[in-house]
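Remarks on the overall topology
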Amino acid sequence: MAADGGAVEQGVHVGKKKAPKRYWDSQAEAGSKGAGEGQVTERVNQRPEKTRRKKTERRGKKLISGKVDPFPGPAPVPKERRQKFERGQKNEVRSLSKGRLKDRLSKTEEKIDLALNQAARSDLLLAEEAGFLVGDEGEDTCTIAQDDIAEAVDITSGAKYFNLSLSQFGPYRIDYTRNGRHLLLGGRLGHVASLDWQSKQLQSEMNVMECVNDVRWLHSENMFAVAQRKWLYIYDNQGVELHCVKKFNDVLRMEFLPYHFLLATASSTGFLQYLDVSVGREVSAICTKNGRLDVMTQNQSNAVVHLGHPTGTVTLWSPNQKEPLVKMLCHRGGVRAIAVDKTGTYMVTSGLDRKMKVFDIRSFKPLASYLLPAGATSMTMSQRGLLATCCGDTVQVYKDVCSTPVSRPYMAHRAPGRVWGVQFCPYEDVLGIGHGDGFTSMLVPGAGEANFDALDSNPFRSVKQRQEWEVKALLDKIQPELITLQPSKLGELDTATYQQRHKERVERLGFDPREKEKFEPKLKMKGRSSTGSVQRRKKIIKNEDQRELIKQSLEMKDRADKERKKEEKMTSLGQRSALERFQK
């Protein structure tokens, strides 16, 4: 019956919607059954006052219990933490006379200040800290085995140490994605596989039936490039061939520039080529004139490509120039490996002279030199500055090699086969080793960055988040013309060129247009200082100045014409003969 009654009541109000009751209205109706009209009116008037008083108490002025908050307002942010996120000085809003512009700038400054405080507060939430391996008293950390480390850590971290036995198609080249989630393997004899190495889920596996020189992920885990024996191929995450780029032949090494969407390739013919993967167009092809190019890396801070040559030189390249930006003589023998740190400040090289040298890229001077038992065939640097070197089947990791001189390695590991490629996994304390017997994931405490930027590279992003990130990354794509050795110089003003252009303009006009003070209209009331009217008044003054200049130039031109005619008349009178005076 209650359901029928409700249905009938609902059917009565089908054509006419009933306004929702407020809380104090319902209380007033309930009170009107047992009280008079005066009491109902008093309750209706008192209800908003109680609500207002509760909101005031919640703001921190006075607690419900009657106590006073000893720390009113939001917690202050230390200046030291704010300085970490500051991006320049504030705009001077007081000197502006325009009301609308002043309001907009003040609101913008408030938003910037709010974002600065929120960034400084969120920095407190980054509780993860990077830690290094510390041995017992008198114990050297390089003697600790990987099995002992895997047993000492938790189950999740211990599962990151594993070996993949792939002895049939090795040795292997490896590559991690930027968020450190996916792994790409490329065997010398044609085996190519992509997988989620943390969950051990295989995405794709195939054999291209020819020699594979290098593999590289592109902007996301959905596409990767394979440098095969003859041409460059692009595949998706299911192993389906998308493109065969025949302009890029005999490729030996590859590097992907994520913020420019450029795939840089080095070939055995001595060519350095750039492919824009967003539009599928070749941006630049440079002949280095240094022979076979099998040593290549990139500077992550400015996207400059470093190449090592058999002559012992290292060259720095940009797609905008056909000549190298810098050419350095680093070794007496051929260069075998190059590594650049994340900040782009230090470069480590290894050569056939069995030396490992550390260079400061800012001054291009050597900082330290180490003699190795044998020259390192491959090197890589982690996000925290650890350096991994490989020689034969031995992998050695050095700590603080750029800042302080080191005498012994931080960690060491012997791989099952000859090492062909190494790379640190981003945001993980893991070093991936590709060797002749397959792949080994090695635990290196303190190698990865503890906190990741979820807007840039999120290891736990969903499919929707990845799609949105791709769109934003394409919108924020940096053009290849902006790749320079010093990106900080892009926003600066060329003072010498500006002064020279101003001088030429003064010579061309005959006066300095900047000498006269700029006209600033006075502020008028009643809407007469709108943007249109101000621009109209400025244009009138500008036209008056131009009218005066035109008038002066016309007067000077008339004066010059009169003088010219007078001179012509005098010359004509002086050349007349005596008989010509009687001609009409």
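What you are looking at is a predicted structure, and each value in this text was computed from that prediction instead of being measured.

Below, the discussion takes up the overall build of the protein chain. Check the secondary structure of the protein chain and you find ten helices and 28 strands. Every one of the 584 residues in the protein chain was classed for burial, and the buried ones make up 36%. Looking at the protein chain alone, contacts between residues at least 24 apart form 45% of all its contacts between residues at least 6 apart. Surface exposure of the protein chain reaches about 37400 Å², of which carbon and sulfur atoms provide 52%.

A few words on the side chain of S457. For S457, the location among the structural elements is in the loop between β28 (438-443) and α8 (463-475). Owing to a relative accessible area of 4%, S457 belongs among the buried residues under this scheme. Looking at S457, its side chain comes within polar contact range of the side chain of Y427, at 2.9 Å. Not counting residues up to four positions away in its chain, the partners in contact with S457 are R178, N179, Y427 and F452.

Strand order in the open sheet formed by four strands is β6-β7-β8-β9, with antiparallel pairing between adjacent strands. Unpaired on one side and paired on the other, β6 (212-217) and β9 (241-249) mark the two borders of the sheet. Within this sheet the neighbouring strands show an average axis-to-axis angle of 20°, counted without direction.

Between its first and last C-alpha, helix α9 (residues 495-509) extends 21 Å over 15 residues, near the 21 Å set by a 1.5 Å rise per residue. Just downstream of α9 lies G510, where phi reads positive at about 90°.

In this structure the tally under the stated criterion is 17 salt bridges. Across the pair D140 and R408 runs a salt bridge, and its minimum N-O distance is 3.1 Å. Note that D140 is positioned in the loop between α5 (99-123) and α6 (146-152) and R408 in the loop between β24 (394-398) and β25 (411-414), a separation of 268 residues in sequence. Among the residues examined, R408 registers a relative accessible area of 52% and is labelled exposed. Of the charged contacts in the structure, one is a salt bridge between R461 and E221, with a shortest N-O distance of 3.2 Å. Of this pair, R461 sits in the loop between β28 and α8 while E221 sits in the loop between β6 and β7 (223-228); the two residues are 240 residues apart in sequence, bridging distant segments of the chain. For R461, a relative accessible area of 18% corresponds to the buried category. Each of R173, D175, D214 and R216 takes part in salt bridges that share partners, so that together they form one network.

Turning our eyes to something else, we now look at the sheet that holds strand β13 (residues 281-287). Strand order across the open sheet formed by four strands is β10-β11-β12-β13, with antiparallel pairing between neighbours. At either end of the open sheet lies a strand with only one pairing partner, and these are β10 (251-257) and β13. Averaged over all adjacent pairs, the angle separating strand axes in this sheet is 20°, with direction ignored.

This part is about the nonpolar core. Core analysis: the largest hydrophobic core is formed by 33 residues, its most contacted members being L183, V397, M411, F424, L431, I433 and V444. Mapped onto this core, the elements with two or more residues apiece are α6, β2 (172-176), β3 (182-187), β23 (387-391), β24, β26 (419-424), β27 (430-435) and β28. Setting aside its immediate chain neighbours within four residues, V444 contacts L386, V397, Y410, M411, F424, D429 and L431. In this structure, L257, M296, V326 and V335 belong to the second largest nonpolar core, which totals 27 residues.

Before going further, it helps to spend a moment on the pairing of β26. Of all six residues in β26, six are buried, a share of seventy percent or more. The hairpin turn running from β26 into β27, its antiparallel successor, is five residues long, and Y427 in that turn takes a positive phi close to 65°.

This part takes up α8. For an α-helix, the turn length of 3.6 residues means that residues three or four places apart are oriented alike. Counted at 1.5 Å a residue, the expected span for α8 with its 13 residues is 18 Å, and the 19 Å between its end C-alpha atoms agrees. Along α8, the positions that sit buried rather than exposed are R466, W469 and A473. Burial along α8 is one-sided: seen end-on, the buried residues are contained in an arc of 60°. The exposed set on the far side of α8, more than 90 degrees from its buried face, consists of K464, V471, K472 and L475.

The next subject is the packing of aromatic side chains. Ring pairs (aromatic) are described by centroid distance and by the angle formed between their planes. Following the criterion strictly, the structure yields eight aromatic pairs and no others. Their ring planes at 75° and their centres at 6.2 Å tell us that Y427 and F452 sit as a pair that is edge-to-face. Here Y427 is found in the loop between β26 and β27, whereas its partner F452 is found in the loop between β28 and α8, with 25 residues between them in sequence. For F452, a relative accessible area of 33% gives the class partly exposed. An aromatic cluster is present here, built from W217, F224, Y233 and Y235 joined pairwise through their rings. Above the plane of the ring of Y259 lies R178, whose end atom (NZ or CZ) is 5.0 Å from the centre. The ring of F132 carries K399 above its face, with NZ or CZ at 4.1 Å from the centroid.

The subject of this paragraph is a nonpolar patch on the surface. Together, Y259, I478, L482 and L490 make up a nonpolar patch on the protein surface, roughly 340 Å² of accessible area in all. With respect to the element layout, I478 can be found in the loop between α8 and α9.

Before going further, it helps to examine the confidence of the model for the protein chain. Atom-level detail of predicted coordinates should not be read off regions where pLDDT is low. Per-residue pLDDT for the protein chain averages 83, and the proportion of residues at 70 or more is 84%. When the criterion is pLDDT under 50, residues 1-60 qualifies, and its contacts beyond four places in sequence or with other chains add up to 14 contacts.

This part covers unusual backbone geometry. At the junction of G170 and P171, the peptide bond is cis and its omega measures out at -5° in the coordinates. At A303, a position not held by glycine, the phi torsion is positive, near 60°. With respect to the secondary-structure elements, A303 resides in the loop between β14 (295-298) and β15 (305-308). Judged by relative accessible area, which is 5%, A303 ranks as buried. One non-glycine residue with positive phi stands out, namely Y427, at about 65°.

The rules behind the values
- Residues numbered from 1 in each chain as written.
- Predicted model: local features only at pLDDT ≥ 70, side-chain atom pairs only at ≥ 80, totals over all residues.
- Heavy atoms only, no water.
- Helix = DSSP H or I, 4+ residues; strand = E, 2+ residues; numbered from the N terminus.
- Buried < 20%, exposed > 50% of the residue type's maximum accessible area, 1.4 Å probe, protein only.
- Contact = heavy atoms within 4.5 Å.
- Areas by Shrake-Rupley, 256 points an atom, 1.4 Å probe, with all protein chains shown as cover.
- Polar contact = N/O pair within 3.5 Å; in protein donor to acceptor, adjacent residues only side chain to side chain.
- Pairing = 2+ DSSP bridges.
- Axes fitted to C-alpha atoms, helices over the stretch in contact; angles between N-to-C directions.
- Expected span 1.5 Å × (residues − 1).
- Salt bridge = Lys/Arg side-chain N within 4 Å of Asp/Glu carboxyl O.
- Core = buried A, V, L, I, M, F, W, Y, C linked by side-chain atoms within 4.5 Å.
- Arc of directions from axis to C-beta.
- Phe/Tyr/Trp six-rings, centres within 6.5 Å; stacked < 30°, edge-to-face > 60°.
- Lys NZ or Arg CZ within 6 Å of the ring centre and 35° of its normal.
- Patch = residues over 30% accessible without salt bridge, like charges linked within 9 Å, V, L, I, M, F, W, Y side chains within 5 Å.
- pLDDT = per-residue confidence, 0-100.

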